[in-house]
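Tertiary structure, described
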Amino acid sequence: MTKEFSSHRGHGKTATQTATQSVVQSAAQDDENKCEISTIGETVRRASFYHGLMPRHDIEPLLKKDGDFLLRKTEVNGATVLALAVRWNGPVKHFMVNQSDKDSYYFETHHEKSVIDLVEWHMKTKTPVSTTSGAKLLKPIDRPPWILNHDSIKTIKKLGEGAFGEVYMAELTTDKVSIPVAVKTMREEVSRDSRLKFMKEARIMRKFHHQHVVQILGIAVHEHPLMLVMELCLGGSVLSYMRKHKGKTTLETKLRFVLEASSGLAYLEEKSCIHRDIAARNCLLTEKHAVKISDFGMSDERKTLTDERLDKVPVKWLAPETMQNKIYSSKTDVWSFGVMAYEIYSDGGEPYPTLTNIQTRAKIIVQNYRMEMPKDVPPAVVTLVSECWAKEPENRPPFSKIHERLLSEYKKEHGDPKDREKDKDKDKKEDKDRDKKEDKEKDKDDEKKEKRESKKDEVKDSLTKKEKKERKK
Ligand SMILES: Nc1ncnc2c1ncn2[C@@H]1O[C@H](COP(=O)(O)OP(=O)(O)OP(=O)(O)O)[C@@H](O)[C@H]1O
């Protein structure tokens, strides 16, 4: 008799445990019981209903009716096993595929030479995969298009370093069309927790389609490294842009960056997403310098949450209620947005430049201290930022209002930003021209330096000649 998530006991015997998570684990502790990943062959990988390393959380909503089923791989006590998920009599049930020592596969008593043959036999004969559950395999559910195959992704060059692995520029080929993309990878050795975090990031991002939010294109989870494929932002982060163009970024561009970020954040607010790590380092720029909110590694879909793990969070971006009570909400994102506005207007300066993290925390909480915005910030932006830093979260404006106010400020000073769309090419050209000019000037300087050096050498030479003559005399 096969129980949910029971596994092979060796020599054709079946397990008798029941289907709780703890039993899943205890069943798999016996090495003989593991249908290790090495046995998952090409035919399984190519099956349309094989979903790779997708967690329960992601696949359960795909199984809508009784009898809907799919195959995936999962990890049980460090071993990767193949599991069948079936919706039956309401909930989704998970059954481990058993492998006998004669290299045949089975759920309960019927053996087949391959996993796919086994699934097809249960489908054709309508024999339940376990007698107790009665779960029948009626309709295979195909992988959604956002689950990609590794061989459709060709990495080109490294772009950066993520918390779990490298980020690459790559080429994604689907239906014979290739597009440039960014790929965030996850090292094989990371913990199960980190892997679930990575999947959560992908799950949250999948819901967003907005011009100022980085678009996820899919995930590749059939093999390692796991990959999260996103739209490519070749302009780097807003922070590195501001630092690179220190003293040269116009007030108009700065206002546009803040405005576009607020547009993406108003969208996230509407979707009830708390980002939790709003900062200039986490806003990317496209090749045409459009701002995209990125890095959803900390994001959450709850209205408010308390998170005890503050150790890795950059203190200077945190709202007082996060510093004190570890509370996060969209209003704590609003506070961080104010800090990001400071970063942008100070050309990528460090917030609270004269204070340490501990001093910042103490001054904000004890003295209700707020840092001053740089001198040339438009008064409307200064007022807005001071509201973002209101002590009480409910007194901070929502992103929808922040965006409205920044838009009207932009229109007043620089006209309709839609007209500016065409000029983004111009911006980029200006940057390139400026970089070229700077390079040329540097070359000229180098030339001058070289000339000066060679003159010095000439003088030295003539001096030594003079010396020689004098010595001869
Ligand atoms: N869509 C993208 N296009 C281009 N570059 C990107 C993209 N996403 C990320 N990068 C690059 O990779 C770096 C790391 O990405 P990201 O910050 O999202 O990773 P992370 O795992 O969240 O790291 P951390 O938690 O340390 O911020 C970024 O700083 C950026 O340089």
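Along each chain, numbering runs from 1 in the same order as the chain's sequence is written. Whole-chain, interface and lining totals are the exception, using all residues; otherwise, since this is a predicted model, local features are given only for residues with pLDDT of at least 70 and side-chain atom pairs are given and counted only at 80 or more. Side-chain measures were taken over the full set of non-hydrogen atoms in the model, leaving aside hydrogen atoms and water.

As named in an unreviewed UniProt entry, the protein chain is Tyrosine-protein kinase, taken from Panagrellus redivivus. UniProt positions are given in the numbering used here, feature names are shortened, and annotations may be inferred rather than shown by experiment. The Catalytic activity (unreviewed entry) field of the UniProt record for the protein chain holds the comment "L-tyrosyl-[protein] + ATP = O-phospho-L-tyrosyl-[protein] + ADP + H(+)". In its Sequence similarities (unreviewed entry) section, the UniProt record describing the protein chain reads: "Belongs to the protein kinase superfamily. Tyr protein kinase family. Fes/fps subfamily."

1. Notes on the overall build of the protein chain
Counting from the N terminus, the helices are the DSSP runs of H or I reaching at least four residues and the strands are the DSSP runs of E reaching at least two. Broken down by element type, the protein chain carries 14 helices and 16 strands. Every one of the 473 residues in the protein chain was classed for burial, and the buried ones make up 48%. Throughout, a residue-residue contact means that at least one pair of heavy atoms, one from each residue, lies within 4.5 Å. Taking as baseline every contact in the protein chain between residues at least 6 positions apart, the subset at least 24 positions apart corresponds to 59%. When the accessible surface of the protein chain is totalled, it reaches about 24600 Å², and 50% of it is carbon and sulfur. Categorising residues by exposure relies on relative accessible area from a 1.4 Å probe, with only protein chains included: less than 20% of the type maximum marks a residue as buried, more than 50% marks it as exposed, and the intermediate range marks it as partly exposed. Working definition of accessibility: Shrake-Rupley area with a 1.4 Å probe, residue cover restricted to the visible protein chains.

2. A word on the sheet that holds strand β10 (residues 177-186)
If you trace the five strands from one edge of the open sheet to the other, you get β8-β9-β10-β12-β11, paired in antiparallel fashion. The open sheet has two edge strands with one neighbour each: β8 (153-161) and β11 (216-220). The average angle at which neighbouring strand axes cross in this sheet is 30°, direction not considered. Direction of pairing for β10 relative to strand β12 (residues 226-231): antiparallel, over a ladder of six bridges. Bridging from a neighbouring strand, M186 pairs with L226 of β12. Axis lines are fitted through C-alpha atoms, for helices just across the contact stretch, and the angle between N-to-C directions can take any value from 0 to 180 degrees. Each of β10, β11 and β12 touches helix α5 (residues 192-205); the most contacted strand, β12, lies at about 25° to it. Note on pairing: DSSP must find at least two bridges between two strands before they are called paired.

3. Notes on the UniProt feature "domain: SH2" (unreviewed entry) in the protein chain
In the numbering used here, UniProt assigns the feature "domain: SH2" (unreviewed entry) to residues 49-141. Secondary structure within residues 49-141 divides into 16% helix and 33% strand; the distance between the first and last C-alpha atoms comes to 5 Å.

4. Considerations on unusual backbone geometry
With an omega of -5°, the peptide bond running from H224 to P225 counts as cis. Inspection of the secondary structure puts P225 in the loop between β11 and β12. One non-glycine residue, S272, adopts positive backbone phi at about 55°. Residue placement: S272 occurs in the loop between α7 (251-270) and β13 (283-285). Judged by its relative accessible area of 33%, S272 is partly exposed.

5. Observations concerning the site of the ligand
Only heavy atoms are used to decide nearness, and a residue is near a molecule or strand if one of them lies within 4 Å of it. The immediate surroundings of the ligand are formed by 14 residues, with A163, K184, E231, C233 and D295 found nearest. A distance of 2.9 Å separates a nitrogen atom of the ligand from a polar atom in the backbone of E231. One of the backbone nitrogen or oxygen atoms of C233 is found 3.0 Å away from a nitrogen atom of the ligand. Burial of the ligand by the protein amounts to 76% of the accessible area it has alone, namely 610 Å². Sorting the residues of the shell around the ligand by element identifies β8, β10 and β12 as the ones contributing at least two each. Looking at the shell around the ligand element by element, the count peaks at three residues for β8. We call Asp, Glu, Lys and Arg charged. Ala, Val, Leu, Ile, Met, Phe, Trp, Tyr, Cys and Pro are nonpolar, and the rest, Gly among them, are polar. The residue makeup of the shell around the ligand, split by class, is eight nonpolar, two polar and four charged. We define a polar contact as two N or O atoms separated by no more than 3.5 Å, with the added condition that, inside protein, one atom must be a possible hydrogen donor and the other a possible acceptor, whereas residues neighbouring each other in sequence contribute only through side-chain atom pairs.

6. A few points about the side chain of E409
With respect to the helices and strands, the residue E409 is situated in helix α12 (residues 399-414). The class of E409 is buried, set by a relative accessible area of 7%. Once residues within four sequence positions are removed from consideration, E409 is found in contact with L255, P378 and A380.

7. Quick notes on the packing of aromatic side chains
Only rings of Phe, Tyr and Trp enter the pairing, Trp through its six-membered ring, and a pair is recorded when the two centres are within 6.5 Å. The plane angle decides the type: under 30 degrees is stacked, over 60 is edge-to-face, the rest tilted. If you walk through the whole model with that rule in mind, you get eight aromatic pairs. Between W335 and W389, the ring centres sit 6.3 Å apart and the planes meet at 45°, which makes this aromatic pair tilted. Residue W335 is found in helix α9 (residues 330-345), and its partner W389 is found in the loop between α11 (379-388) and α12; the two are separated by 54 residues along the sequence. Residue W335 is classed as buried on the basis of its relative accessible area of 0%.

8. Here we look at the environment of Y241
Of note, Y241 is situated in helix α6 (residues 238-244). As for Y241 and G134, which are separated by 107 residues in sequence, their C-alpha atoms are 60 Å apart.

9. Remarks on the nonpolar core
As used in this record, nonpolar core signifies buried Ala, Val, Leu, Ile, Met, Phe, Trp, Tyr and Cys residues forming a set joined through side-chain atoms within 4.5 Å. Counting residues in hydrophobic clusters, the biggest one holds 83 residues, and the most contacted among them are V238, L268, F296, F337 and L406. When near neighbours in sequence (up to four residues on either side) are disregarded, L268 contacts F208, V213, C273, I293 and F296. Membership of the second largest hydrophobic core comes to 21 residues, among which are F69, L71, V86 and Y105.

10. Some details on the packing of α7 against α12
Here α7 crosses α12 at 155°, and the two axes come no closer than 8 Å. The angle between α7 and α12 places the two elements in the roughly antiparallel class. Crossing handedness for the pair α7 and α12: left-handed. Residues E252, L255, R256, V258, L259, S262, S263, L265, A266 and E269 of α7 form the contact with α12, whose participating residues are F399, S400, I402, H403, L406, L407, E409, Y410 and H414. Of the residues in the contact of α7 with α12, the class split is 10 nonpolar, five polar and four charged. Relative orientations are named as follows: roughly parallel for angles under 35 degrees, roughly antiparallel for angles over 145 degrees, roughly perpendicular for angles from 65 to 115 degrees, and oblique for any other angle. Crossings are assigned a handedness: left-handed for a near helix turned anticlockwise from the far helix by less than a right angle, right-handed for a clockwise turn.

11. Here's the deal with the domain arrangement of the protein chain
By convention here, the domain bounds are inherited from an automatic or database domain assignment. Entries for the protein chain in the domain assignment read domain 1 (18-137), domain 2 (147-231) and domain 3 (238-425). The straight-line distance from the C-alpha centre of domain 2 to that of domain 3 is 26 Å. Taken residue by residue, the interface counts 15 residues in domain 2 and 18 residues in domain 3. By convention, the term buried area covers the 1.4 Å-probe accessible surface removed from two parts as they join, with the contributions of both added. For domain 2, the biggest contributors to the area lost against domain 3 are I204, F208 and H212; these three give 37% of the whole. By convention in these notes, a salt bridge is any Lys or Arg side-chain nitrogen within 4 Å of a carboxyl oxygen on Asp or Glu. Where domain 2 packs against domain 3, one counts four salt bridges. Here D300 and K200 are joined by a salt bridge, their closest N and O atoms 3.0 Å apart. Our count for the contact surface shared by domain 2 and domain 3 stands at eight residue pairs in polar contact (both at pLDDT 80 or more). The element that contributes the greatest number of residues to the side of domain 2 that touches domain 3 is α5, accounting for five residues. Class assignment of the residues belonging to the side of domain 2 that touches domain 3 gives a composition of five nonpolar, four polar and six charged.

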